Amino acid sequence: MAYCNQFEPDDTAVVSHIGGRGPGVAVVVDQCLTAYWAGDNNALFDLGVVFSTGSNGAPRDLVEAHKWFNIAAATGHEEAAISRSEIAEEMSSREIGEAQRRARAHMATMMKRAA
């Protein structure tokens, strides 16, 4: 995780107890998306790792992890496709469906931005 790993837990530890997300997680997501738009093809994969491991102040959230691995895989990141398959083994069909829905919605937003 080259880009997202620069955050220390103290920098992103402000995690809300409501939904497990807070300003720290938002910072990590924003920084990784900024890196992606600047040409860092690993940044989306990094977000999958953040959520699959519960690192950088983020909760462990396999639905979010699957979403980011799915988006990264769609951009050609081979390791993301492998990671997506691995975490899918720990998920229910309903969770995978939700992750896919979130990925499609986010990719639609990304495509609008790119246009």
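Residues numbered from 1 in each chain as written. Predicted model: local features only at pLDDT ≥ 70, side-chain atom pairs only at ≥ 80, totals over all residues. Heavy atoms only, no water.

Visitor: What should I look at first to understand helix H3 (residues 43–53) in this one?
Guide: Since there are 3.6 residues in each turn of an α-helix, residues three or four apart along the chain are aligned in direction. With 10 of 11 residues buried, H3 is to be regarded as a mostly interior element. All buried positions along H3 are accounted for by Ala43, Leu44, Phe45, Asp46, Leu47, Gly48, Val49, Val50, Phe51 and Ser52. (Buried < 20%, exposed > 50% of the residue type's maximum accessible area, 1.4 Å probe, protein only. Helix = DSSP H or I, 4+ residues; strand = E, 2+ residues; numbered from the N terminus.)

Visitor: Any chance you could explain the nonpolar core here in plain terms?
Guide: Nonpolar side chains tend toward joint burial in soluble globular proteins. Val29, Leu44, Leu47, Phe51, Trp68 and Phe69 are the most contacted members of the largest nonpolar core, which totals 29 residues. Mapped by element, the contributors of at least two residues to this core are helix H2 (23–37), H3, helix H4 (62–74), helix H5 (78–88) and helix H6 (93–114). With eight residues, the top contributor of residues to this core is H4. (Core = buried A, V, L, I, M, F, W, Y, C linked by side-chain atoms within 4.5 Å.)

Visitor: Honestly, the packing of aromatic side chains in this entry has me stumped. Any pointers?
Guide: On inspection of all chains with the given rule, the structure shows two aromatic pairs. With a centroid separation of 5.2 Å and an interplanar angle of 70°, the aromatic rings of Tyr36 and Trp37 are classed as edge-to-face. (Phe/Tyr/Trp six-rings, centres within 6.5 Å; stacked < 30°, edge-to-face > 60°.)

Visitor: Where do I start with H6 in this structure?
Guide: A rise of 1.5 Å per residue sets the reference length of H6, with its 22 residues, at 32 Å; its end C-alpha atoms lie 31 Å apart and thus fit the reference within 8%. Considered for burial, the residues of H6 that qualify are Ala99, Ala103, His106 and Met110. The buried residues of H6 occupy an angular sector of 75° when projected down its axis, which confines them to one face. The exposed residues of H6 that point more than 90 degrees off its buried face are Ser93, Arg94, Arg104, Met111 and Lys112. (Expected span 1.5 Å × (residues − 1). Arc of directions from axis to C-beta.)

Visitor: Quick question: what am I supposed to make of the packing of H4 against H6 here?
Guide: The description of two packed helices rests on the angle between their axes and on the distance between the axes. Where H4 meets H6, the axes come as close as 8 Å, and the angle between the chain directions of the two elements is 50°. In terms of orientation, H4 lies oblique with respect to H6. Here the hand of the crossing between H4 and H6 comes out right-handed. The segment H4 lies against H6, with Val63, Glu64, His66, Lys67, Trp68, Asn70, Ile71 and Ala74 engaging Glu95, Ile96, Glu98, Ala99, Gln100, Arg102, Ala103, His106, Met107 and Met110. (Axes fitted to C-alpha atoms, helices over the stretch in contact; angles between N-to-C directions. Parallel < 35°, antiparallel > 145°, perpendicular 65-115°, else oblique. Left-handed = near helix turned anticlockwise from the far one by under 90°. Contact = heavy atoms within 4.5 Å.)

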